[in-house]
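# Coordinate analysis (summary)
Take a look at the letters that make up each chain.
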Amino acid sequence: MTRPLPTVTPNTWAFLRDPMIAPTGFREYDARWKYPDEINLPGITALGLGLGTQIRARGIAPVIAVGNDYRDYSLSIKNALILGLMQAGITVKDIGPCLSPMAYFAQFHLDVPAVAMVTASHNPNGWTGVKMGFERPLTHGPDEMAELKGIVLEGRGQPHPGGAYEFVDGVREAYLDDLAGDFRMTRKLRVVCATGNGTASAFAPELLERIGVEVIPSHTRLDYTFPHYNPNPEAMEMLHDMAATVRATGADFALGFDGDGDRCGVVDDEGEEIFADKMGVIMARDLSKIYPNATFVADVKSTGLFASDPELRKHGARADYWKTGHSHMKRRVRELGALAGFEKSGHYFLAEPVGRGYDCGMRVAVEICKLMDRNPEMSMSDLRRALPVTWSTPTMSPWCADTEKYQVLERIVARLVAKHEAGEPVACRTIKEVVTVNGARVILDNGSWGLVRASSNTPNLVVVCESSESEAEMRAIFADLDAVIRTEPGVGDYDQTI
């Protein structure tokens with residue numbers, strides 16, 4: 001195998017022949033590139049050959065389930081990836097268009113060790129990528145990604161005889177059967193189902209109807225141009241649209257799903273957006289009654305309530321704050337034997353006996369409906385109001401180049417640690433500690449906090465703040481954190497702010 005080039009000029013003979021892969025596409029826990037600016041189809045084939053080589057080198061059975069999301073170019077990407085996998089002697093079981101969690105489900109359903117899902121997740125059109133793994137229910141973490149990057153970029157992919165291809169039908173139906181099980185609602189629920197015209201459009205409305213929910217559809221027609229907004233339930237644009245539909249229809253709540261269906265966002269009956277970490281606390285409260293003394297993992301962007309909520313403490317729940325990222329969280333949930341993991345971005349990792357440990361927005365939707373069924377006298381807004389009040393920002397992402405963001409973050413973290421050591425305040429309060437497991441989470445003496453970290457998926461930093469006191473304090477935390485961030489000239493504008 002020849003070494004892929006970092007750049008090849010489009011509309012040239014070489015572009016159709018020679019593999020081109022920008023090294024920055026290999027991220028902490030999956031691979032993402034702008035297509036065709038940063039990777040071409042021969043580059044995708046080289047990636048497939050590299051992944052197949054990695055599977056064989058690890059002594060894993062050479063069989064893989066492969067699927068693709070609903071974007072106009074994803075099928076071409078998948079076919080190029082399959083070609084490379086087959087070159088490496090891998091038997092490919094193609095499950096067709098699907099959600100990422102359906103691909104993870106296929107590993108169990110078809111009893112195959114490996115998975116490769118062609119998706120750009122919630123990234124806008126123009127992006128592509130692959131989520132992959134070979135130790136179910138886990139996906140590649142930093143070690144596996146670094147190993148794969150070396151194999152691919154150094155041209156160490158090894159062709160091997162024995163590659164085969166099989167299209168496997170019926171996985172979608174088995175996945176929906178598995179999600180619905182024998183559960184049916186006993187209370188009447190009217191739910192806005194928002195899919196942003198993405199892949200979840202082919203799953204979520206049918207699933208909710210099957211468990212006895214009255215579905216109010218919102219942009220549920222498949223359309224890979226995403227004519228209304230990019231399907232991302234962490235973005236305020238989608239959440240505001242969901243809220244408007246709830247208010248217009250008098251729905252009980254809204255559920256929104258991202259581009260590949262592994263995340264779920266919630267808006268309550270009053271049109272209030274419930275950020276996924278707060279929804280996680282609501283779910284953890286309910287689950288901790290059924291499974292006392294459970295461990296819950298939360299990512300560093302999440303609310304401090306997992307540790308401080310009196311209801312969770314009453315039922316012996318233990319909180320563990322860990323690195324953001326679906327691969328990091330899946331691994332941590334399994335390592336600790338946790339019942340569930342929750343990410344502010346809307347990834348939920350429900351382990352046995354609730355789920356299989358991987359992130360599935362459809363499973364979360366079903367479990368939220370079950371929660372509502374177990375609490376028939378409560379509305380979603382009642383459950384929200386029952387939580388201790390905190391004020392938190394949405395996830396805000398200032399631009400920072402992929403090639404610079406980790407170095408920039410390192411300097412910002414050092415400044416924040418120095419601020420703590422010097423006894424300097426944030427928002428007029430003493431800094432209690434700075435947790436540096438993933439960026440810097442600056443925790444104040446009253447439990448309020450602010451976080452800055454590097455995005456694993458896009459050229460951005462990530463900023464989140466939460467106050468246990470007031471909106472004014474939340475804004476003050478953000479202002480002080482942003483003042484440190486602004487000492488770096490390489491940091492650009494925010495995608496959204498307060």
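This one's a predicted model, so the numbers in the text were calculated from it and none came from an experiment. (Residues numbered from 1 in each chain as written. Predicted model: local features only at pLDDT ≥ 70, side-chain atom pairs only at ≥ 80, totals over all residues. Heavy atoms only, no water.)

## Examining the overall build of the chain
Stated formally: Counting from the N terminus, the helices are the DSSP runs of H or I reaching at least four residues and the strands are the DSSP runs of E reaching at least two. Atoms counted for the radius of gyration: C-alpha only. Globule rule: 2.2 Å times the number of residues to the power 0.38. Think of it in three bands: residues with accessible area under 20% of the maximum for their type are buried, residues over 50% are exposed, and the middle band is partly exposed, with areas taken using a 1.4 Å probe on protein chains only. We call two residues contacting when some pair of their heavy atoms lies within 4.5 Å. The sign given to each residue is positive for Lys and Arg and negative for Asp and Glu; His and the chain ends receive no count. We put the charge of a Lys on NZ, of an Arg on CZ, of an Asp on CG and of a Glu on CD.
Along its length, the chain carries 16 helices and 20 strands. The C-alpha radius of gyration computed for the chain amounts to 22 Å, which stays within 12% of the reference 23 Å derived for 498 residues, consistent with globular compactness. Overall, the chain is about 60 × 55 × 40 Å in size when its C-alpha atoms are taken along their principal axes. Scored against the burial criterion, the 498 residues of the chain give a buried share of 61%. Considering only contacts in the chain between residues 6 or more positions apart, those separated by 24 or more positions represent 68%. Averaged over its 52 positive side-chain charges, the chain has a centre that lies 2 Å from the centre of its 66 negative ones.

## Let's talk about helix α3 (residues 74-87)
Keep this limit in mind: Given a helix with a known number of residues, its expected span is that number minus one, times 1.5 Å.
Taking 1.5 Å as the rise per residue, α3 with 14 residues should run 20 Å; its terminal C-alpha atoms sit 20 Å apart, in good agreement. Residues Ser74, Ile77, Lys78, Ala80, Leu81, Ile82, Gly84 and Leu85 constitute the buried set of α3. At the exit of α3 stands Gly89, carrying a positive phi of roughly 80 degrees.

## Some words on the sheet that holds strand β14 (residues 340-342)
Just so we agree on the cut-off: Any two strands are treated as partners once DSSP identifies two or more bridges connecting them. Each axis is a line fitted through C-alpha atoms, and for a helix only the stretch in contact is used; angles between axes span 0 to 180 degrees, taken between their N-to-C directions.
As summarised here, the arrangement of the four strands in space is β13-β12-β14-β15, forming an open sheet in which the pairing is mixed. The sheet terminates laterally at β13 (318-322) and β15 (348-350), the two strands that pair on one side only. Averaged over all pairs of adjacent strands, the angle between their axes in this sheet comes to 15 degrees, without regard to strand direction. Bridge count between strand β12 (residues 295-299) and β13: five bridges; the pairing is parallel. Within β13, the residue paired with Thr295 across the bridge is Arg318. Against the sheet, helix α12 (residues 326-336) makes contact with β12, β13, β14 and β15, and its axis sits at roughly 160 degrees relative to β12, the strand it touches most.

## Some points on empty space enclosed by the protein
It is a probe the size of a water molecule, rolled over the atoms, that shows where empty space is left. The following threshold applies: Each cavity reported here is a set of points on a 1 Å grid over the protein atoms alone in which a 1.4 Å probe fits but cannot get out, each pocket an open set with protein on both sides within 12 Å along at least five of seven lines, and each lining residue one with an atom within 4 Å of a point. Grid points are joined across faces, edges and corners, and a volume is the space filled by probe spheres set on the points. Ten residues, namely Ala, Val, Leu, Ile, Met, Phe, Trp, Tyr, Cys and Pro, are considered nonpolar, four, namely Asp, Glu, Lys and Arg, are considered charged, and the remaining ones, Gly among them, are considered polar.
Applying the stated criterion across every chain, the model contains three cavities of 30 Å³ or more. In this model, the largest cavity occupies a volume close to 100 Å³. Of the residues forming the lining of the largest cavity, the biggest block, three residues, is contributed by strand β10 (residues 264-268). Of the residues in the lining of the largest cavity, the class split is eight nonpolar, four polar and two charged.

## Here's the deal with helix α15 (residues 405-421)
Let me state the cut-off plainly: The directions from the helix axis to the C-beta atoms form the arc being described.
Its 17 residues give α15 an end-to-end C-alpha distance of 24 Å, which sits within 8% of 24 Å, the value for a rise of 1.5 Å per residue. Within the sequence span of α15, burial applies to Lys405, Val408, Leu409, Ile412, Val413, Leu416 and Lys419. Summarising the axial view, the buried residues of α15 lie within an arc of 135 degrees, below the 170-degree limit, and thus occupy one face. When the buried face of α15 is taken as reference, the exposed residues oriented beyond 90 degrees from it are Glu410 and Glu421. Close packing links the buried residues of α15 with β17 (431-435), β18 (440-444), β19 (449-454), β20 (461-467) and α16 (471-485).

## Re the environment of Val115
By the element assignment, Val115 lies in strand β4 (residues 114-118). Residue classification places Val115 among the buried positions, given a relative accessible area of 1%. The spacing of Val115 and Thr139 is 24 residues in sequence and 8.4 Å in space, taken between C-alpha atoms. Not counting the four nearest positions on each side in its chain, Val115 is found in contact with Ile64, Ala65, Ala103, Tyr104, Gln107, Lys131, Met132 and Gly133.

## Examining the packing of aromatic side chains
Worth spelling out the cut-off: Any pair of Phe, Tyr and Trp rings, taking the six-membered ring for Trp, is counted once the centres come within 6.5 Å. Such a pair is stacked with planes under 30 degrees apart, edge-to-face with planes over 60 apart, and tilted for the rest. By definition here, charges over rings are those cases where NZ of Lys or CZ of Arg is within 6 Å of the ring centre and within 35 degrees of the ring normal.
Inspection of the entire model under this criterion finds eleven aromatic pairs. Where Phe26 meets Trp33, the ring centres are 5.3 Å apart and the plane angle is 90 degrees; that geometry is what we call edge-to-face. On the basis of relative accessibility, which here comes to 9%, the residue Phe26 falls in the buried class. For the pair Tyr35 and Tyr73, a centre-to-centre distance of 5.7 Å together with 35 degrees between the ring planes defines the contact as tilted. Here Tyr73 lies in the loop between β2 (63-68) and α3 and Tyr35 lies in the loop between β1 (31-34) and α2 (41-57), a separation of 38 residues in the sequence. Aromatic rings pair up to connect Phe296, Phe306, Phe342 and Tyr348 into one cluster. The ring of Phe108 has Arg356 sitting right over it, with the charged end atom 5.4 Å from the ring centre. One cation-aromatic arrangement involves Lys370 over Phe183; the distance from NZ or CZ to the ring centre is 5.6 Å.

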